[in-house]
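# What the coordinates show
Chain by chain, the residues:
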Amino acid sequence: GAGVSQSPSNKVTEKGKDVELRCDPISGHTALYWYRQSLGQGLEFLIYFQGNSAPDKSGLPSDRFSAERTGGSVSTLTIQRTQQEDSAVYLCASSLGGTSGLYEQYFGPGTRLTVT
Amino acid sequence: AQSVAQPEDQVNVAEGNPLTVKCTYSVSGNPYLFWYVQYPNRGLQFLLKYITGDNLVKGSYGFEAEFNKSQTSFHLKKPSALVSDSALYFCAVRDIGGYGQNFVFGPGTRLSVLP
């Protein structure tokens, strides 16, 4: 079946512009995560959606970052007034749901964001 | 709050030799533990997980990991390394009963298998 897809795969933007990154999770996966990965580094948690519950936004680095998930499926991560330090690969993952934590995450290929 | 350590940034091993990638964790309760692999220019792929039961867990591509509660470790192993195993490996932990930031990932260990 189809995996997690993300678009665009690459995005180059000028400092100060807004960007939107999209994630299509695996059908039937109620949990969705966004992470940020700097070059060759670990994963930084950004935000977590589980079903219709309020998202856990505790990882968002500033109020320039926001995310939404429409209809329990597609998610959009928005970065306003981008800064050079926002340059990274943004990864989306989905998993079967619930708060049990039993289920592994399936990752998309990522969006490489470059802020010039 | 849970945390994960991968004490080695880089592991080098000769092809055909056994490999070990180390992971230690800290949680307040019982852990769920995961290993992921990231091949060059590709997304992260799930390798294996420990939820409960046997401490030795077998996963994809011939990898296995051993859960050791007393040492709070979950080291990844493979009896005979392949050059194609060269990649970035991440250990992740989930504290059972927690919510929100469900998974904490380690910083990653780069494995290089030399021919």
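Refer to the structure printed above.
Attention here is on the structure that accompanies the text. (Residues numbered from 1 in each chain as written. Chains lettered and ligands numbered in written order. Predicted model: local features only at pLDDT ≥ 70, side-chain atom pairs only at ≥ 80, totals over all residues. Heavy atoms only, no water.)

## Quick word on the overall build of chain B
What counts, and what does not: By the criteria applied, helices consist of DSSP H or I runs no shorter than four residues and strands consist of E runs no shorter than two, each listed in order from the N terminus. Here the globule rule is a power law, 2.2 Å times the number of residues to the power 0.38, and the radius of gyration is based on C-alpha atoms. Each residue is assigned to one of three classes by its accessible area relative to the maximum for its type, calculated with a 1.4 Å probe on protein chains only: buried under 20%, partly exposed between the two thresholds, exposed over 50%. We call two residues contacting when some pair of their heavy atoms lies within 4.5 Å.
Looking only at helices and strands, one finds 0 helices and 12 strands in chain B. Element order for chain B, N to C, with α for helix and β for strand: β-β-β-β-β-β-β-β-β-β-β-β. Relative to the compact-globule value of 13 Å for 115 residues, chain B shows a C-alpha radius of gyration of 14 Å, a close match. For chain B, the spread of C-alpha atoms along the principal axes amounts to about 45 × 30 × 20 Å. Taking all 115 residues of chain B together, the buried fraction comes to 50%. For chain B, restricting intrachain contacts to residue pairs at least 6 apart in sequence, the fraction spanning at least 24 positions comes to 58%.

## Section: the interface of chain B and chain A
Operational definition: A simple way to read buried area is as the amount of 1.4 Å-probe accessible surface that goes missing from two parts once joined, with both sides added. Only one rule defines a salt bridge in this text: a Lys or Arg side-chain nitrogen within 4 Å of an Asp or Glu carboxyl oxygen.
Contact with chain B, which involves 22 residues of that partner, is made by 24 residues of chain A. For the pair chain B and chain A, the two sides together bury roughly 1,800 Å², of which 55% comes from carbon and sulfur. Linking chain B with chain A are 1 salt bridge, by the criterion used here. The shortest N-O distance in the salt bridge between Glu104(A) and Lys49(B) comes to 2.8 Å.

## Focus on the packing of aromatic side chains
So the rule is basically this: Between rings of Phe, Tyr and Trp, where Trp is taken as its six-membered ring, a pair exists when centres lie within 6.5 Å; planes separated by under 30 degrees are stacked, by over 60 edge-to-face, and by other angles tilted.
In the structure shown here, the tally under the stated rule is 14 aromatic pairs over all chains. Relative to Tyr35(A), the ring of Tyr33(A) has its centre 6.2 Å away and its plane inclined at 15°; by these criteria the two rings are stacked. Tyr35(A) sits in the buried class, given a relative accessible area of 1%. Aromatic side chains Tyr36(B) and Phe46(B) sit 6.0 Å apart centroid to centroid with 65° between the ring planes, which places their arrangement in the edge-to-face category. A residue pair is termed long-range when its members are at least 10 positions apart, and Tyr36(B) in strand β5 (residues 31-38) and Phe46(B) in strand β6 (residues 44-50) qualify at 10 residues.

## Some details on unusual backbone geometry
Geometrically, the link from Ser7(A) to Pro8(A) is a cis peptide bond, its omega value of -10° lying close to zero. For Pro8(A), the position within the fold is in the loop between β1 (5-7) and β2 (10-13). Of note in the backbone geometry, Tyr61(B) takes a positive phi value of approximately 60° without being a glycine. Here Tyr61(B) is to be found in the loop between β7 (56-58) and β8 (64-68). For Tyr61(B), a relative accessible area of 46% corresponds to the partly exposed category. Its identity as a non-glycine residue notwithstanding, Thr72(B) has a phi of 45°, on the positive side. A residue is classified by how much of its surface remains accessible, and Thr72(B), at 30% relative accessible area, is partly exposed.

## Some points on the sheet that holds β1(A)
Residues and elements named next belong to chain A. For clarity, the cut-off: Any two strands between which DSSP finds at least two bridges are classified as paired. Interaxial angles span 0 to 180 degrees and are taken between N-to-C directions of axes, which are lines fitted to C-alpha atoms, for helices over the stretch in contact.
Strands sit in the order β1-β3-β7-β6 across an open sheet of 4 strands; the sheet is antiparallel. Two strands close off the open sheet at either side, each with one partner strand: β1 and β6 (65-69). Between one strand and the next, the sheet's axes are offset by a mean angle of 15°, whatever the strand orientation. Bridge count for β1 against strand β3 (residues 19-24) is 3 bridges, and the pairing is antiparallel.

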